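Below, each chain spelled out in residue letters.
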Amino acid sequence: MGPTHDPAPGALTRREIAEQPETWRVVAEALPDLAPVAAAFEPFPEEIVLTGCGSSYYLAQAAAATFARVAGLRASAVPASEIIYFPEIALPRGRRVALVAISRSGETSETIAAARVAAARGAAVLGIGCEAGATLAGLCRAYLPLSAARDESMVMTKAFTTMLLALQRIAGLLAGDVAILADLGRLPQVGANLTYARADLLAALGNDRTWERAILLGAGPLHGIAWEAVIKLTEMSLTMAVAYHPLEFRHGPLALVDGRTLAILLAGTTARDQEAALVREIRARGGRVLALGSAPGDLGADEAIALDATLDEYARPALYLPPLQLLGYERALANGLDPDQPRYLNRYVALDLDTAHAEAHE
Ligand code: F1P
């Protein structure tokens, strides 16, 4: 049986946005032991490269931050196409590299090809996705299929946050970091209390015609999340949006700010004073600011959505996404679009790739 179809535009997407904390709980309970996956990291890599395409690439960015901080590994995120065509940049020779290939479908051509190229260069390849029988699974030393996280909707919502939490748990396990594992374990409960907390505000913002373009600002572990929010706004509502590291925004792009700009700050706990100063500068130029984070009311933004203040800042990033996904959904409806049927979007991108060059290069 296929998914049940609710005729209301975006009903599927909205449901999947809302059910994320419950999915986090279900998946965490169904995965009592990630040790076999962690074992695939033996011998311990000197470096980890995370890859994917689209949302899965932004997920790679977010997860890389946790691997770097928690597991103390050099960790980077690289789009799968860059690994195919420029493997010498992403996969340095003479280093023990583990590649983590991320793909909800496990069928995206570039991600599959990147896994092949990395394996040919001697990297240990691990995969994560939502489909047990995916092509990617057959190319990996270990593969983690999170079928409960599979979105029925085209737009990736709960698959993103759930795969992120699973990767963060793996990082915590690798490092034996009980503190981060405990914080990650609290996320389903914390998230359940927050989801829809400001649905009214997000609906109003979605319907507000005074802003036309969005600037997403996120630093460190929140930068990949900022890009994921960009792609949600873009693919669901066809809104022009872009992400910056907060202080990078001062180096030129600040010129974009005017009365038609909505800046969305994913506020962290580090560099908070500088982020507050940036909020003031954006507002002084007529821009409107929505801040999300712990105690965001202190930042002087026009609107604020308070997230949890007690979790480690590397455990918290998934919490920022449900409200931002909801903003994309609301904006889509306001634009007369159906978030369940995004324009030109397929579940995954299948390309006819010739990777013989990259593989033969070995
Ligand atoms: C990757 C992806 C999605 C995007 C769209 C096209 O898919 O780029 O992020 O939303 O559906 O494919 P996957 O490799 O994670 O299945």
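Reading the values: rules and limits
Residues numbered from 1 in each chain as written. Predicted model: local features only at pLDDT ≥ 70, side-chain atom pairs only at ≥ 80, totals over all residues. Heavy atoms only, no water. Helix = DSSP H or I, 4+ residues; strand = E, 2+ residues; numbered from the N terminus. Expected span 1.5 Å × (residues − 1). Buried < 20%, exposed > 50% of the residue type's maximum accessible area, 1.4 Å probe, protein only. Near = heavy atom within 4 Å. Polar contact = N/O pair within 3.5 Å; in protein donor to acceptor, adjacent residues only side chain to side chain. Nonpolar A, V, L, I, M, F, W, Y, C, P; charged D, E, K, R; others polar. Salt bridge = Lys/Arg side-chain N within 4 Å of Asp/Glu carboxyl O. Phe/Tyr/Trp six-rings, centres within 6.5 Å; stacked < 30°, edge-to-face > 60°. Pairing = 2+ DSSP bridges. Right-handed = clockwise from strand over helix to strand, strands pointing away. Axes fitted to C-alpha atoms, helices over the stretch in contact; angles between N-to-C directions. Contact = heavy atoms within 4.5 Å. Parallel < 35°, antiparallel > 145°, perpendicular 65-115°, else oblique. Left-handed = near helix turned anticlockwise from the far one by under 90°.

A.B. asks: Teacher, can you tell me more about helix 11 (residues 223-237) here?
C.D. replies: Given a rise of 1.5 Å per residue, 15 residues ought to cover 21 Å, and the 21 Å separating the end C-alpha atoms of helix 11 matches this to within 8%. Along helix 11, 13 of the 15 residues are buried, which leaves the element largely enclosed by surrounding structure. Of the residues flanking the end of helix 11, it is Leu 238, one or two places downstream, whose phi is positive at about 55 degrees.

A.B. asks: Explanation requested: the site of the ligand in the structure shown.
C.D. replies: Neighbouring the ligand are 14 residues, the closest being Ser 56, Ser 103, Arg 104, Ser 105 and Thr 108. Note that an oxygen atom of the ligand is positioned 2.8 Å from one of the backbone N or O atoms of Arg 104. Here Asn 346 contributes a backbone N or O atom positioned 2.8 Å from an oxygen atom of the ligand. Class assignment of the residues belonging to the shell around the ligand gives a composition of 4 nonpolar, 7 polar and 3 charged.

A.B. asks: Is there a simple way to think about the pattern of salt bridges in this case?
C.D. replies: Tallied over the full model, the rule gives 22 salt bridges. Across the salt bridge formed by Glu 131 and Arg 150, the nearest N and O atoms sit 2.5 Å from each other. Within this pair, whereas Glu 131 is found in the loop between strand 4 (124-129) and strand 5 (142-145), its partner Arg 150 is found in the loop between strand 5 and helix 8 (158-175), the two being separated by 19 residues in sequence. What makes Glu 131 partly exposed here is its relative accessible area of 25%. Given the relative accessible area of 27%, Arg 150 is considered partly exposed. Among the ionic contacts, a cluster of salt bridges with common partners joins Glu 212, Arg 213, Asp 258 and Arg 260.

A.B. asks: Could you clarify how one ought to interpret the packing of aromatic side chains in this entry?
C.D. replies: Both the distance between ring centres and the angle between the ring planes are used here to describe each pair of aromatic rings. Under the definition given, this model contains 4 aromatic pairs. Ring centres of Tyr 57 and Tyr 58 lie 5.5 Å apart, and the angle between their planes is 45 degrees; on these two criteria the pair is classed as tilted. Considered together, Tyr 57 and Tyr 58 belong to a single accessibility category, that of buried residues. Between the aromatic rings of Tyr 58 and Trp 227, the centroid separation amounts to 5.9 Å while the plane-to-plane angle is 15 degrees, which identifies the pairing as stacked. Linking Tyr 58 in helix 4 (residues 55-70) with Trp 227 in helix 11, this pair joins segments that are 169 residues apart in sequence. Each member of the aromatic cluster is reached from another via a ring pair, and the members are Tyr 57, Tyr 58 and Trp 227.

A.B. asks: How do you make sense of the pairing of strand 3 (residues 97-102) when you look at a structure like this?
C.D. replies: Looking along a regular strand, one sees the side chains alternate between the two faces of the sheet. A large share of strand 3 lies buried, amounting to 6 of its 6 residues. Of the two faces of strand 3, both are covered, the one formed by Val 97, Leu 99 and Ala 101 as well as the one formed by Ala 98, Val 100 and Ile 102. Two strands pair when backbone bridges link them, and strand 1 (residues 47-52) and strand 3 are joined in this way by 5 bridges, in the parallel orientation. For Leu 50, the partnering residue across the bridge sits in strand 3 and is Val 100. With helix 7 (residues 109-120) bridging strand 3 and the parallel strand 4, this β-α-β connection has right-handed handedness.

A.B. asks: How do you make sense of the sheet that holds strand 1 when you look at a structure like this?
C.D. replies: Sheet strands associate in pairs through backbone hydrogen bonding, adopting either a parallel or an antiparallel arrangement. Within the open sheet, the 5 strands sit side by side as 2-1-3-4-5. Their pairing is parallel. Strand pairing shows two members of the sheet lacking a second neighbour, strand 2 (74-79) and strand 5, which therefore form its edges. With strand direction ignored, the average angle separating the axes of adjacent strands in the sheet is 20 degrees. Across the sheet, helix 7 touches strand 1, strand 3 and strand 4, and the angle it forms with strand 3 is around 165 degrees. Against the sheet, helix 8 engages strand 3, strand 4 and strand 5, with an angle of about 145 degrees to strand 4.

A.B. asks: Any chance you could explain the packing of helix 11 against helix 13 (residues 321-334) here in plain terms?
C.D. replies: The packing of two helices is summarised by the inter-axis angle and the distance between the axes. Where helix 11 meets helix 13, the closest approach of the two axes is 8 Å, and the angle between their N-to-C directions is 20 degrees. The angle between helix 11 and helix 13 places the two elements in the roughly parallel class. In this structure, helix 11 crosses over helix 13, and the sense of that crossing is right-handed. From helix 11, Ile 225, Glu 228, Ala 229, Lys 232, Leu 233, Met 236 and Ser 237 reach across to helix 13, where they touch Leu 321, Leu 324, Gln 325, Leu 327, Gly 328, Tyr 329, Arg 331 and Ala 332. Taken together, the residues of the contact of helix 11 with helix 13 sort by class into 9 nonpolar, 3 polar and 3 charged.

A.B. asks: How should the packing of helix 8 against helix 9 (residues 178-194) be read in this particular structure?
C.D. replies: Here helix 8 crosses helix 9 at 160 degrees, and the two axes come no closer than 9 Å. One element, helix 8, and the other, helix 9, form an angle in the roughly antiparallel class. With respect to the hand of their crossing, helix 8 and helix 9 are arranged in left-handed fashion. Each of Leu 165, Gln 168, Arg 169, Gly 172 and Leu 173 in helix 8 lies in contact with helix 9, whose residues at this interface are Ile 180, Leu 181, Leu 184 and Leu 187. Looking at the contact of helix 8 with helix 9 residue by residue, the class counts come to 6 nonpolar, 2 polar and 1 charged.

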